[in-house]
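# Structural characterization, general
Each chain is listed here by its residues.
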Amino acid sequence: MKAGGGFRIVRAVLLGLFALYFFLPLISMANFSVQGKGPLKGTITFHYYAELVRNEDLRSAIISSLLLAVLTVVLMVVLLVPTMIWVRLRTPGLSRLVEFLCLLPLTVPPLVIVVGISNVYTWVNYLLGDSPQVLAFAYVVLVLPYSYRSIDSALSAIDVATLAEAARSLGANWLTVITRIVLPNIVSGVLGAAFITIALVLGEYVFASLLHYDTMPVALAAIYKSETSTAIAGGFASIVVISLLLLGLSFFNRNQAPDVGGQKE
Amino acid sequence: MTHTQARPEAGLAVELTDLTRVYGQVRALDGLTLHLAPGELVALLGPSGCGKTTALRILAGLDQPTSGRVEVGGKDLTRVSANKRDMGMVFQAYSLFPHMTVIDNVAFGLKLRRKDGAARRTRAGDMLDLVGLGEHADRYAHQLSGGQQQRVALARALAIEPSVLLLDEPLSALDAKVRVQLRDEIRRVQIEVGTTTLFVTHDQEEALAVADRVGVMNAGHLEQLAPPADLYSAPASRFVGEFVGLSNRLPAEVQGDVASVLGQNVPVLPGSATGSGTALVRPECVSVVADEAGQARVTTVQFLGPLSRVTCTLADGTDVIAQLASSDALRLQPGDAVRLEVAPTAVLVVAG
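Residues numbered from 1 in each chain as written. Chains lettered and ligands numbered in written order. Predicted model: local features only at pLDDT ≥ 70, side-chain atom pairs only at ≥ 80, totals over all residues.

Looking at an unreviewed UniProt entry, one finds chain B named ABC-type quaternary amine transporter, with Nocardioides zhouii as its source organism.

Going by an unreviewed UniProt entry, chain A carries the name ABC transporter permease subunit and comes from Nocardioides zhouii. Within the UniProt record for chain A, the comment given under Sequence similarities (unreviewed entry) is "Belongs to the binding-protein-dependent transport system permease family." (UniProt positions renumbered as here; feature names shortened; annotations may be inferred.)

Helices and strands together make up the secondary structure of chain A, namely 12 helices and 0 strands. Taken from N to C terminus, the helices and strands of chain A fall in the order α-α-α-α-α-α-α-α-α-α-α-α. Counting over 265 residues, chain A shows a buried share of 31%. Look at the contacts in chain A between residues 6 or more apart in sequence, and 75% of them connect residues 24 or more apart. (Helix = DSSP H or I, 4+ residues; strand = E, 2+ residues; numbered from the N terminus. Buried ≥ 20, exposed ≤ 12 C-beta atoms within 10 Å, placed from the backbone. Contact = placed C-beta atoms within 7 Å.)

Before going further, it helps to examine the overall build of chain B. Scanning chain B from N- to C-terminus turns up 9 helices and 20 strands. Here the C-alpha coordinates of chain B stretch approximately 80 × 45 × 40 Å along the principal axes. Relative to its full complement of 352 residues, chain B shows a buried share of 47%. Look at the contacts in chain B between residues 6 or more apart in sequence, and 68% of them connect residues 24 or more apart.

Here the focus is the UniProt feature "transmembrane region" (unreviewed entry) in chain A. Residue and element names in this part refer to chain A. Those places that UniProt annotates as "transmembrane region" (unreviewed entry) correspond, in this numbering, to residues 12–32, 61–85, 97–117, 123–144, 190–211 and 231–252. Annotated as 100% helix and 0% strand, the span residues 61–85 places its first and last C-alpha atoms 35 Å apart. As annotated, residues 231–252 comprises 100% helix and 0% strand, and the C-alpha atoms at either end are separated by 32 Å.

All names here are of chain A. Position of H47 among the secondary structure elements: in helix 2 (residues 47–54). Through-space distance from the C-alpha of H47 to that of A233 is 9.6 Å; in sequence the pair is 186 residues apart. Residue contacts for H47: discarding those within four places in its chain leaves G36 and L40.

This next bit is on the sheet that holds strand 2 (residues 26–36) of chain B. All names here are of chain B. Spatial ordering of the open sheet is given by 2-1-4-5, a layout of 4 strands whose pairing is antiparallel. With one partner strand each, in any of the chains shown, strand 2 and strand 5 (75–76) form the two edges of the open sheet. Its contacts with the sheet place helix 1 (residues 52–60) against strand 1 (14–23), strand 2 and strand 4 (67–72), and it is angled at close to 115 degrees to strand 1. (Pairing = 2+ DSSP bridges. Axes fitted to C-alpha atoms, helices over the stretch in contact; angles between N-to-C directions.)

Segmentation of chain B into domains returns domain 1 (8–233) and domain 2 (246–351). Measuring from the centre of the C-alpha atoms in domain 1 of chain B to the corresponding centre in domain 2 of chain B gives 39 Å. (Domains from an automatic or database assignment.)

What follows concerns the sheet that holds strand 16 (residues 296–303) of chain B. Residues and elements named next belong to chain B. One open sheet holds the 5 strands; their spatial order is 15-19-16-17-18, and the pairing between them is antiparallel. The sheet terminates laterally at strand 15 (286–290) and strand 18 (319–325), the two strands that pair on one side only. Taken over all neighbouring pairs, the strand axes of this sheet differ in orientation by 40 degrees on average, direction set aside. Pairing of strand 17 (residues 307–314) with strand 18, which is carried by 7 bridges, proceeds in the antiparallel orientation. Bridging across to strand 18, T311 finds its partner in I321.

What UniProt calls "domain: ABC transporter" (unreviewed entry) maps, in this numbering, to residues 14–244 of chain B. Annotated as 37% helix and 26% strand, the span residues 14–244 of chain B places its first and last C-alpha atoms 25 Å apart.

All names here are of chain B. Contact geometry for helix 2 (residues 102–112) and helix 3 (residues 117–130): axes closest at 9 Å, N-to-C directions at 125 degrees. Our classification of the angle between helix 2 and helix 3 gives oblique. In the packing of helix 2 onto helix 3, the handedness of the crossing is right-handed. In contact with V102, I103, V106, A107, L110 and K111 of helix 2, helix 3 contributes R120, R121, R123, A124, G125, M127 and L128. (Parallel < 35°, antiparallel > 145°, perpendicular 65-115°, else oblique. Left-handed = near helix turned anticlockwise from the far one by under 90°.)

This part covers helix 8 (residues 174–185) of chain A. All names here are of chain A. Between its first and last C-alpha atoms helix 8 spans 16 Å; for 12 residues at 1.5 Å apiece the expected length is 16 Å, and the two agree. Restricting attention to buried positions, one finds in helix 8 the residues V177, I181, V182 and N185. Looking down the long axis of helix 8, one finds its buried residues gathered within 80 degrees of arc, a one-sided arrangement. Every exposed residue of helix 8 that faces more than 90 degrees away from the buried side is listed here: L175 and P184. Summarising the contacts, the buried residues of helix 8 are in contact with helix 3 (56–90) and helix 7 (160–169). (Expected span 1.5 Å × (residues − 1). Arc of directions from axis to C-beta.)

A word on unusual backbone geometry. Backbone phi values are negative for most residues with the exception of glycine, while trans is the configuration of most peptide bonds. Residues and elements named next belong to chain B. Located in the positive-phi region is R114, a residue other than glycine, with phi close to 60 degrees. Structurally, R114 is set in the loop between helix 2 and helix 3. Classification of R114 as exposed rests on a count of 7 C-beta atoms within 10 Å. Look at E169: it is not a glycine, yet its phi comes out positive at around 45 degrees. Among the secondary structure elements, E169 is positioned in the loop between strand 7 (164–168) and helix 5 (176–193).

One broad rule of soluble globular proteins: the nonpolar side chains tend to lie buried together. Residues and elements named next belong to chain B. The biggest cluster of nonpolar side chains holds 133 residues, and the ones touching the most others in it are A43, L59, V106, L166 and L198. Setting aside anything within four residues of it in sequence, one finds L59 in contact with V14, L16, V70, V164, L166 and L198. Listed in part, the 31 residues of the second largest apolar core include V254, A279, L280 and V281. (Core = buried A, V, L, I, M, F, W, Y, C linked by C-beta atoms within 7 Å.)

Residue and element names in this part refer to chain A. Take S150: it is sitting in helix 6 (residues 135–156). Under the C-beta neighbour-count criterion, S150 is labelled buried, with 24 such atoms within 10 Å. Remark: the alpha-carbon pair of S150 and A194, spanning 44 residues in sequence, is separated by 9.3 Å. For S150, the contacting residues outside a window of four places in its chain are G189, G192, A193 and I196.

Between chain B and chain A, the residue contacts involve 26 residues of the former and 22 residues of the latter. Broken down by secondary-structure element, the contributors of at least two residues to the side of chain B that touches chain A are strand 6 (87–90), helix 2 and helix 4 (146–159) of chain B. Residue classes in the side of chain B that touches chain A are distributed as 15 nonpolar, 10 polar and 1 charged. (Nonpolar A, V, L, I, M, F, W, Y, C, P; charged D, E, K, R; others polar.)

Residue and element names in this part refer to chain A. Viewed as axis vectors pointing N to C, helix 3 and helix 9 (residues 187–203) meet at an angle of 140 degrees, and their least axial separation amounts to 9 Å. Note on packing geometry: the crossing formed by helix 3 with helix 9 is right-handed. Here helix 3 contributes S65, L68, A69, T72, V73, M76, V77 and V81 to the contact with helix 9, which in turn contributes V190, A193, A194, T197, I198, V201 and L202. Tallied by class, the residues present in the contact of helix 3 with helix 9 amount to 12 nonpolar, 3 polar and no charged.

Residue and element names in this part refer to chain B. Considering the arrangement of structural elements, one finds T78 in the loop between strand 5 and strand 6. Sequence spacing of T78 and I58 is 20 residues, and the spatial spacing of their C-alpha atoms is 8.4 Å. Once residues within four sequence positions are removed from consideration, T78 is found in contact with P65, R69 and V70.

Quick look at the structure:
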């Protein structure tokens, strides 16, 4: 269908409005974070970005958060990927239950979960110490709904059952089926789940703050009053990193998208 | 009729003994016993839900029988898991691994068997040449047509030198022309490698065209297992007679081993009913002769090339289909009075 002139104008206006809505705050943040204040007043400076690594507390919080993100991704992949493949291959009857369990965290407000698990964390701290990385256990639950969706759609795109049977008839055991046949074909879904997990972990505040862990969002919030520019610089930097990750993911998906179905003879 | 054209020394005998598979309330297999001679291609034919696929999956180890035994080459495999059975399988759905090239797909089973790289590539290349796809070795599945994908799947199944080749409706996702080509190709390759083969299909033409013997299945058991020509000319049961090929259902009166059909005496097959019943008569066994005093009238004449199909109606309204040489059939016009004659080939007479 050919777009009429009127439609094109409406589309341009709408796109412009959305762009404004999304990018204005980002541009303001970026602008604010490079404007010198106090003695640096009137200059454009990356001083506050440097401050992110120069400030001892902030640096350790950022490192904590990055470690936490990696740990959560690893835990999520190790738990979720084999489980989902197994359910699909061997116990398809359980798939509804697994989906329900994975989506459940969406329906409970984080605040409620925190209150619920704070007692559990007394024990976690007792057994595993109180480094912020123990938050990974809670974050895995938090990212389940998104990771599940991402992996599930990748699994649906291939005929897992037939591929597995073909591999088994050729002599593959279950471990080989999962690692060498199924996994390589759902890489895009697993990467998607990983990137969403990183984005979520780098932005999570409620859990960390209420359970008293110094992660990056908590540390940034703590200095927001006294060192606003540094806090804004930190926030902007994390937004850029996460956007780049998600952008990378969409490019990856585009290159991976298989040509479904054979061509005609 | 030809029986086992393959080199018998290359294949192993397969024995399925009294296999039963129950899913909840459904008996998918009900005491199936089937023997495949070494190197033989047996097709299992039947309507959907007759248990043919279940039988194949049990032989493959992808399903477990509720009771019964699976033996290949004298070894009991009933409790051996699928990945240790050494069976090559081609599936109805496209099953090439999408992340591997064609040659890597074919070599996958060899890799699992820890064959070294050079031997693997040689063997996989040979298999691809065997199915005529040597020059497509470095393509991916999505760059191939459906027929080519199934040929690669066949090469992949044969690369491991399987004890048994299992074909689970490998042609049903393809369009008609490719299907005929590929089925002939499967038969050529199977004879060349001599692997004992079980071919499951719901398409009787396919089964009759490629198999040494065809097993017709119904409701979880084998109705008849016979070479294609025997199956066609001497059905052992009503189900086989009606399922395989086209039959006229004509009233018959059986006395001893002779039935009276359309006023003519015809020998009956073993297993026929006695007294009055219905004879299953093939269209090519009916001839049509123009005769003003005949008992039937021509309804339609359908030209099919060298042969034509003539439909006649008896006085009581029964339709009789006859298959004639077109040169004879074209002399007939709808409305002509004709006399129907039944060739004296043995027929199956069923009750009712």
